[in-house]
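Here is what each chain is made of, one letter per residue.
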Amino acid sequence: MSRDPHCIFCKIVHGDIPSVSVLETDQAIAIMDVNPVVKGHILIIPRDHHSQVRDLPEELAAHLGSLVPRLTRAVVAAVGAEGSNLIINSGQVAGQTVDHCHWHIIPRFSDDPVDWPWPHEEYSGDEKAQMAFRITRELNGPAD
Ligand code: AMP
Ligand code: ZN
């Protein structure tokens, strides 16, 4: 099991600091976020320490994903929400403050204070096709 001795979520996973858990599996825990964006906000945290979503083994990512529908139904029903957001912040620039990959489930209400949606950019010319080409090339691995 990979663990970072300085990581607050590793400490939570190993019971070294307290948390309020709502679900535990062999590979992950789901806990109440201590400073919820909206009350009922939970975090799905893999037991193993991986910094970002891009570092997750695919099987672990699949396990985390498998928990999302049930946890979302529970959160939404428990607080009487009208919807929810599933969010993963990756990297400081994207708002990640705890360097142990975790997935947020945030219940949403039409009158909650969350500022959403994000602003959108527009592609010009063949930018979108070029971007898709570059992403596809990355997915297919480096050229020989
Ligand atoms: P992020 O900004 O995506 O890294 O999210 C980190 C989240 O962890 C924030 O929503 C914090 O409120 C939450 N958080 C930080 N420390 C704790 C803790 N000890 N127990 C529960 N949630 C925490
Ligand atoms: Zn950790």
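Just so it is clear, the structure is predicted and the values come from calculations on it, not from any experiment.

Peer 1: Looking at this structure, how should I read the layout of surface pockets?
Peer 2: Unfilled space is identified by rolling a water-sized probe across the atoms. The calculated volume of the largest pocket comes to roughly 370 Å³. Residue lining of the largest pocket: 22 residues in total, with Phe-9, Asp-33, Val-34, Leu-43 and Val-98 positioned closest to the centre. Elements that contribute at least two residues to the lining of the largest pocket include exactly helix 1 (8–13), strand 2 (28–32) and strand 5 (103–108). For the lining of the largest pocket, the leading source of residues is helix 1, giving three residues. Along the lines of polarity and charge, the residues of the lining of the largest pocket split into twelve nonpolar, nine polar and one charged.

Peer 1: Looking at this model, I keep getting lost on a nonpolar patch on the surface. Mind explaining?
Peer 2: On the surface, Tyr-123, Met-131, Ile-135 and Leu-139 cluster together to form a nonpolar patch covering roughly 440 Å² of accessible area. Relative to the elements of secondary structure, Leu-139 occurs in helix 3 (residues 127–139).

Peer 1: Explain the coordination of the zinc ion (ligand 2) here, please?
Peer 2: As a benchmark, a tetrahedral metal site with four donors has ideal angles of 109.5 degrees, while an octahedral site with six donors has ideal angles of 90 or 180 degrees. For the zinc ion (ligand 2), the protein coordination sphere consists of Cys-7 (SG), Cys-10 (SG), His-49 (ND1) and His-100 (ND1), at 2.0 to 2.2 Å. Classification of the site at the zinc ion (ligand 2) as tetrahedral follows from its four donor atoms and the range of 104 to 116° in their angles at the metal. Donor residues for the zinc ion (ligand 2), ordered by position in the chain, follow C-x2-C-x38-H-x50-H. One end of the pair, Cys-10, is in helix 1; the other, His-49, is in the loop between strand 3 (42–46) and helix 2 (58–79), with 39 residues separating them in the sequence. Across the pair, exposure class does not vary: Cys-10 and His-49 are buried alike.

Conventions used here
Residues numbered from 1 in each chain as written. Chains lettered and ligands numbered in written order. Predicted model: local features only at pLDDT ≥ 70, side-chain atom pairs only at ≥ 80, totals over all residues. Heavy atoms only, no water. 1 Å grid on protein atoms, 1.4 Å probe; cavity = no way out; pocket = protein on both sides within 12 Å on 5 of 7 lines; lining within 4 Å. Points joined across faces, edges and corners; volume = space filled by probe spheres on them. Helix = DSSP H or I, 4+ residues; strand = E, 2+ residues; numbered from the N terminus. Nonpolar A, V, L, I, M, F, W, Y, C, P; charged D, E, K, R; others polar. Patch = residues over 30% accessible without salt bridge, like charges linked within 9 Å, V, L, I, M, F, W, Y side chains within 5 Å. Areas by Shrake-Rupley, 256 points an atom, 1.4 Å probe, with all protein chains shown as cover. Salt bridge = Lys/Arg side-chain N within 4 Å of Asp/Glu carboxyl O. Donors = N, O, S within 2.8 Å, 3.2 Å for Na, K, Ca; no water. Tetrahedral: all angles 85-135°; square planar, octahedral: opposite > 155°, others 65-115°. Buried < 20%, exposed > 50% of the residue type's maximum accessible area, 1.4 Å probe, protein only.

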